[in-house]
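# Analysis of the macromolecular model
Chain residues, written in single-letter form:
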Amino acid sequence: MSRHDTAQSLRAFQRGQRVFPDGTARVTIEKDPCPVYIERGEGAWVEDLDGRRFLDLHGNFTSLINGHAFPPVVEAVTRQLRKGSCFANPTESELALAELLCARIAGMDRLRFVNTGTEAVMFAVKAARAITGRSGIAKIEGAYHGAYDWIEVSQTSGPANWGSDAQPASVPYYRGMPDSVVNEVVTLRINDAPAAKRLIERHAAHLAAIVIDPMPSRLGLIGATPDFLTVMQAAARRNGILIIADEVLNFRQGYSGLSAQLGLKPDLWALGKIIGGGFPIGAIGGRADVMEVFARRGGPALVPQGGTFSANPISMTAGHANMQALTPSAFARLEAMGDRLRDALRIAIAASGLPFSITGAASLLRVHAKGAAPTDYRQSVETPAQRGAIQRLVAHFAAGGLLMQTSGMMCLSTPMQDADIELISGTFETYLHEELRHGGACARAAVGE
């Protein structure tokens with residue numbers, strides 16, 4: 001794209017560099033050579049300041065399952081804004097969304113609303129500590145659970161510091177992370193059930209919870225196997241450790257979420273993203289006896305939980321309108337589209353002979369510059385050549401009018417049609433042709449060919 005094509009975005013980026021540390025308000029923003037500044041969005045498409053239209057495969061980090069400016073949400077929020085945006089007192093809007101979620105998720109008897117998925121995980125961990133009297137947690141290597149110190153441990157570990165396969169090291173996420181935090185986290189490898197069981201049994205006396213995302217996105221959209229989940233659940237029950245299911249992202253995989261599909265029966269859930277209809281939200285839910293730690297009955301709650309904007313009626317109203325539209329048939333259609341797209345991309349890869357692979361399920365998928373799809377975090381970590389191949393993919397998609405996450409991850413939304421799926425697969429095919437035209441050297445080097 002020429003400089004003329006991005007003049008307004010470049011001008012906005014120059015303004016941003018005067019007020020933000022690196023010119024943007026979030027570290028996750030793509031800058032090549034500058035961010036795409038969005039002016040508006042409708043359905044599955046967005047338009048930037050320069051008037052260019054893009055098919056949105058990003059969905060604001062998967063939160064916009066019904067696309068942009070979803071009419072039922074716009075109408076519901078407009079009505080609510082005329083009544084007021086937030087109050088110190090409760091409103092009926094929070095009851096409606098809570099009732100909907102509890103009705104959909106077997107085992108979730110009670111919940112509390114917060115403002116982000118990070119807060120949901122944070123309060124779930126606090127609840128587990130209050131119930132067990134223990135401070136330690138176990139988590140999956142490479143899994144992202146938000147910005148809370150304990151669950152950031154080993155989020156970005158690498159070959160130089162991640163330790164042995166049998167006993168992964170607990171690695172600080174940022175410079176200055178306290179040793180006391182790192183020492184309270186047991187790191188497990190996804191789908192290595194025997195090793196995980198040994199580590200849980202060894203540290204059981206100190207563990208309050210095992211935090212599990214059934215298909216961690218940053219890890220590579222690699223699903224936990226039924227055997228792994230069965231072993232984790234049995235070890236937790238045997239040792240009085242709570243299971244926290246982080247479905248902030250993967251609740252979009254089905255009408256009742258991903259845990260229900262996989263047979264995981266958590267003590268606590270952390271939810272977010274799609275349940276807010278495009279507005280900030282998080283929720284902690286669980287069995288009635290577990291959630292009692294948040295109750296104030298004649299004395300202070302074991303875990304005090306509040307928040308100025310928690311359960312605000314805008315997020316509640318938007319979330320309810322959004323979730324009402326997500327019927328079983330809507331989820332089935334999304335999954336069918338996802339299956340069709342994953343199949344098309346795999347067919348294109350096979351025809352090209354280049355070392356790429358696809359992971360994911362339902363409305364989520366990720367492209368890896370690897371000949372074999374990774375099955376755990378250590379396999380998903382990219383070499384510089386592999387990272388370069390994905391960066392070229394992201395740039396090729398943007399030049400073709402499609403926005404995707406910098407990791408090579410894509411998410412589908414309900415406004416998408418067959419033509420959009422064909423556009424995605426066709427753009428991927430032209431990317432592979434470009435790689436072949438340049439000899440595929442970088443892609444082949446990625447797997448040592």
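Up top is the structure.
Computed from a prediction, not measured in an experiment: that's the story for all the values here.

## With respect to the pattern of salt bridges
Taken as a whole and assessed by the stated rule, the structure comprises 17 salt bridges. Here D165 and R378 are joined by a salt bridge, their closest N and O atoms 3.0 Å apart. Of this pair, D165 sits in the loop between helix 6 (149–152) and helix 7 (179–182) while R378 is found in helix 14 (residues 377–380), placing the two residues 213 residues apart along the sequence. In this structure, R189 engages D376 in a salt bridge whose closest nitrogen and oxygen atoms are separated by 2.1 Å. Pair noted here: R189 is in the loop between strand 6 (185–188) and helix 8 (193–203) and D376 is in the loop between strand 12 (364–368) and helix 14, with a separation of 187 residues, a long-range link. A single burial state applies to R189 and to D376, both of which are buried. Several salt bridges share partner residues, and in doing so they unite E141, D165, R189, D192, D376 and R378 into one network.

## What about helix 5 (residues 117–132)?
Compared with an ideal rise of 1.5 Å per residue, which puts 16 residues at 22 Å, helix 5 spans 23 Å between its outermost C-alpha atoms and is within 8% of the ideal. Downstream of helix 5 by one or two residues, G133 has phi in the positive range, about 75°.

## What to know about the nonpolar core
In this structure, F113, L188, I424 and F428 are the most contacted members of the largest nonpolar core, which totals 80 residues. With residues near it in sequence (within four places) discarded, F113 still touches E94, L97, A98, L101, I281, G282, A283, Q305, S310, A311 and M316. Counting residues in each nonpolar core, the second largest holds 32 residues, with Y148, V181, A209 and V211 among its members.

## Observations regarding the packing of aromatic side chains
Taken as a whole, this structure holds five aromatic pairs when the rule is applied. Seen from their ring centres, Y148 and W150 are 5.2 Å apart, and the 50° between their planes marks the pair as tilted. Under the relative-accessibility criterion, Y148 is labelled buried at 10%. Aromatic rings pair up to connect F356, F428 and Y431 into one cluster. Here the basic side chain of R53 rests over the ring of W45, its NZ or CZ set 4.5 Å away from the ring centre. When the ring centre of W150 is taken as origin, the NZ or CZ atom of R129, which lies over that ring, is 4.5 Å away.

## Focus on the sheet that holds strand 14 (residues 409–411)
Taken in spatial order, the three strands make up an open sheet running 11-12-14, and their pairing is antiparallel. The sheet is open, and its two borders are formed by strand 11 (357–359) and strand 14, each paired with just one other strand. Across the sheet, the axes of successive neighbouring strands diverge by a mean angle of 25°, strand direction being ignored. Contacts from helix 13 (residues 328–352) reach strand 11, strand 12 and strand 14 within the one sheet, and its direction differs from that of strand 11 by about 165°.

## A word on the pairing of strand 5 (residues 136–140)
The buried fraction of strand 5 is high, at five of five residues. Relative to strand 7 (residues 207–212), strand 5 is paired through four bridges, and the arrangement is parallel. Pairing of G136 across the sheet is with L207, part of strand 7. Of the pairings in the sheet, the one linking strand 5 to strand 6 comprises four bridges and is parallel in character. When the bridges of strand 6 are listed, I137 appears paired with V185.

## What to know about unusual backbone geometry
The backbone of N60 shows a phi angle near 45°, a positive value even though the residue is not glycine. Looking at where N60 falls in the secondary structure, it is placed in helix 2 (residues 59–62). For A362, which is not glycine, the phi torsion reads 50° and is therefore positive. On the secondary structure map, A362 appears in the loop between strand 11 and strand 12.

Rules and cut-offs
Residues numbered from 1 in each chain as written. Predicted model: local features only at pLDDT ≥ 70, side-chain atom pairs only at ≥ 80, totals over all residues. Heavy atoms only, no water. Salt bridge = Lys/Arg side-chain N within 4 Å of Asp/Glu carboxyl O. Helix = DSSP H or I, 4+ residues; strand = E, 2+ residues; numbered from the N terminus. Buried < 20%, exposed > 50% of the residue type's maximum accessible area, 1.4 Å probe, protein only. Expected span 1.5 Å × (residues − 1). Core = buried A, V, L, I, M, F, W, Y, C linked by side-chain atoms within 4.5 Å. Contact = heavy atoms within 4.5 Å. Phe/Tyr/Trp six-rings, centres within 6.5 Å; stacked < 30°, edge-to-face > 60°. Lys NZ or Arg CZ within 6 Å of the ring centre and 35° of its normal. Pairing = 2+ DSSP bridges. Axes fitted to C-alpha atoms, helices over the stretch in contact; angles between N-to-C directions.

Geometric descriptors of this kind do not, in isolation, establish any biological role.
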